[in-house]
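Observations on the model geometry
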Amino acid sequence: MTSRADIDVRPIDESEFPDWSRAMNVGFLREPTISEEFLEARRAQYTPGRTVGAFDDGRCVATFRSFAQELTAVGGAAVPADAVTNVTVSPTHRRRGLLTRMMAQDLAAAKERGDVVATLIAAEYPIYGRYGFGPATWATEWTVDVPRAGLDPRWAGPEDGGRLDLVDAEDVRKLGPELHARLRRSQPGAVSRDELWWQLTTGAVRFLPGFREPFFVVYRSAAGEVEGMAAYTTDDTWGEAKQPLNTAKVKWLTGVTPAAERALWRYLCSIDWVVRVRSGYRAPDDLLPHVLPDPRAAAVTTQADFLWVRILDVVRAMEARTYGASGALVLEVADAGGLAGGRYRVEASADGAGTCAPTTENPHLSLDVADLATLWLGDESAVRLAALGRVREERAGAAREVDALLRTSRRPWCPDIF
């Protein structure tokens, strides 16, 4: 077995991209053989210096990639983020500290660049807490039993003066970015989408197997403004008595007004031959179940953590967001990674603005940087974390004060897998 010190962890050059891609496929249990078409499409994601591999005797055995991203904080401000993805370690090289080395290099570089946070979607729960990441948003998927939903089968479109139109991929690439930008300004936990995202979702660029071109539907308000859009696919399932039993699977659905969301869900539940609608990953407090006359027709089929956040700069993170009440608290933040630990005073005014600065005052609450990330977007309760033993009150009632400042009326949500 090669010693840890003899395994070279470093950014790859472009000539090593095929070997790196093979190792990534191995880690994700995909076919290891890489086609030229796959490589050509995937090269669009190669970023010099941020595509990292671990090499044993010249062969890539672990992969790691990060890219520039923006994450929406509570209140709508966008903070620069280091988005982590494509993390794998080949099964022959587990338990040798390769992920720890790759992560340490990347987070140090992100801190040096001035990124406020790092983000990732965790395939497995236990891995990333030890690097200071905490689950900051959750996702829920519903499966709607359409015949049970109680909707009027004669429904033919919005009654609010708006309209629904099927559009093609080119229209989505034109209309989608501005619509998502509007959503992102109001949705804590949402992340930026680059041009490649829109090319992938519409099939202009394809490198994952099994891509099926979705149907795209747009909702326009009575004034003609695009306020919603959805992408969905359907199967072709029929019962033995020739009855249709098709399922529509929502790839993504964006609505910047309640009217748009209602119209798009009604549309999806009114497509001829469709008897089930799978919602895709939504916020746990999504409107979906309750836009149906019978909300029980929407059964939860997935409920899990989703976006994980790692705070790199406590001062900038806490000052980027807004607050639900006026008040002040002192946090003692532990960070085994040595990137963001310290004692900080956070003060919020009645207008929602906040300041944060290092302090020597006595702390009110002690917590790990991963738990601060869990609280930062407003989804989690400090009172609950205290009951779990994950945060410690240094002053009685401090956890309740933290909740008054940090929690949000609607839950944060990240619409994207990356």
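Structure first, text after, so check above.
Sequence positions are assigned chain by chain, starting from 1 and proceeding in written order. With the structure being a predicted model, the display of local features is reserved for residues of pLDDT at least 70 and the display and counting of side-chain atom pairs for 80 or more, all residues being used for whole-chain, interface and lining totals. The basis for every side-chain value is the complete set of non-hydrogen atoms in the structure, without hydrogens or water.

Quick notes on the side chain of N86
- The secondary structure listing takes helices from DSSP runs of H or I that are at least 4 residues long and strands from runs of E that are at least 2 residues long, numbered from the N terminus. Mapped onto the elements, N86 comes out in strand β4 (residues 78-89).
- To sort residues, take the accessible area from a 1.4 Å probe on protein chains only and compare it with the maximum for the residue type: under 20% means buried, over 50% means exposed, and anything in between is partly exposed. Given the relative accessible area of 8%, N86 is considered buried.
- Separated by 2.7 Å, the side chains of N86 and R65 make a polar contact.
- Residues are treated as being in contact if the distance between any of their heavy atoms lies within 4.5 Å. Those residues in contact with N86, other than ones at most four positions away along the chain, are W20, M24, F28, R42, T63, F64 and R65. We call two N or O atoms a polar contact when they sit within 3.5 Å, provided that within protein one can donate a hydrogen and the other can accept it, with sequence-adjacent residues counted only if both atoms are side-chain atoms.

Re the sheet that holds strand β1 (residues 8-11)
- We treat two strands as partners when DSSP finds at least two bridges between them. In spatial order, the strands read β1-β2-β3-β4-β5-β14-β6; together these seven strands make up an open sheet with mixed pairing. Each edge of the open sheet is held by one strand with a lone partner, namely β1 and β6 (134-135).
- Here two bridges tie β6 to strand β14 (residues 307-311), and the two strands are oriented antiparallel to one another. Looking at the pairing, G134 lines up with V309 of β14.
- All axes are obtained by fitting lines to C-alpha atoms, using only the stretch in contact for helices, and the reported angles, taken between N-to-C directions, cover 0 to 180 degrees. Packed onto the sheet, helix α9 (residues 369-376) meets β3 (59-72), β4, β5 (117-121), β6 and β14 and runs at close to 125 degrees relative to β14.

Observations concerning unusual backbone geometry
- The phi dihedral of K242 falls on the positive side, at around 70 degrees, and the residue is not glycine.
- Phi at W273 takes a positive value of approximately 80 degrees, unusual for a residue other than glycine.
- Its place among the elements puts W273 in the loop between α6 (258-268) and β12 (274-278).
- A residue is classified by how much of its surface remains accessible, and W273, at 53% relative accessible area, is exposed.

Side note on the nonpolar core
- The term nonpolar core refers to a set of buried residues drawn from Ala, Val, Leu, Ile, Met, Phe, Trp, Tyr and Cys, joined through side-chain atoms within 4.5 Å. In this structure, L71, V117, V309, I311, M318 and W376 are the most contacted members of the largest nonpolar core, which totals 46 residues.
- Residues contacting V117, with those up to four places away along its chain left out, are L71, V79, P80, A81, D82, V309, R310, I311, L312 and W376.

Quick look at the environment of E319
- With respect to the secondary-structure elements, E319 resides in helix α8 (residues 314-320).
- Between the alpha carbons of E319 and V346 there is a distance of 8.4 Å; along the sequence they are 27 residues apart.
- Not counting residues within four places of it along the chain, the set of residues in contact with E319 comprises G354, T355 and C356.
- At a separation of 2.9 Å, a polar atom in the side chain of E319 contacts the main-chain amide nitrogen of C356.

Quick look at the sheet that holds strand β11 (residues 246-255)
- The seven strands are arranged β8-β9-β10-β11-β12-β7-β13 in an open sheet whose pairing can be described as mixed. Each of the sheet's edge strands pairs with one partner strand only, and the pair in question is β8 (163-167) and β13 (298-305). Looking at each pair of strands side by side, their axes are set apart by 25 degrees on average, direction ignored.
- Direction of pairing for β8 relative to strand β9 (residues 215-220): antiparallel, over a ladder of five bridges. Among the inter-strand pairings, V167 is bridged to a residue of β9, identified as F216.
- Across the sheet, α6 lies against β8, β9, β10 (226-234), β11 and β12, angled at about 170 degrees from β11, the strand it touches most.

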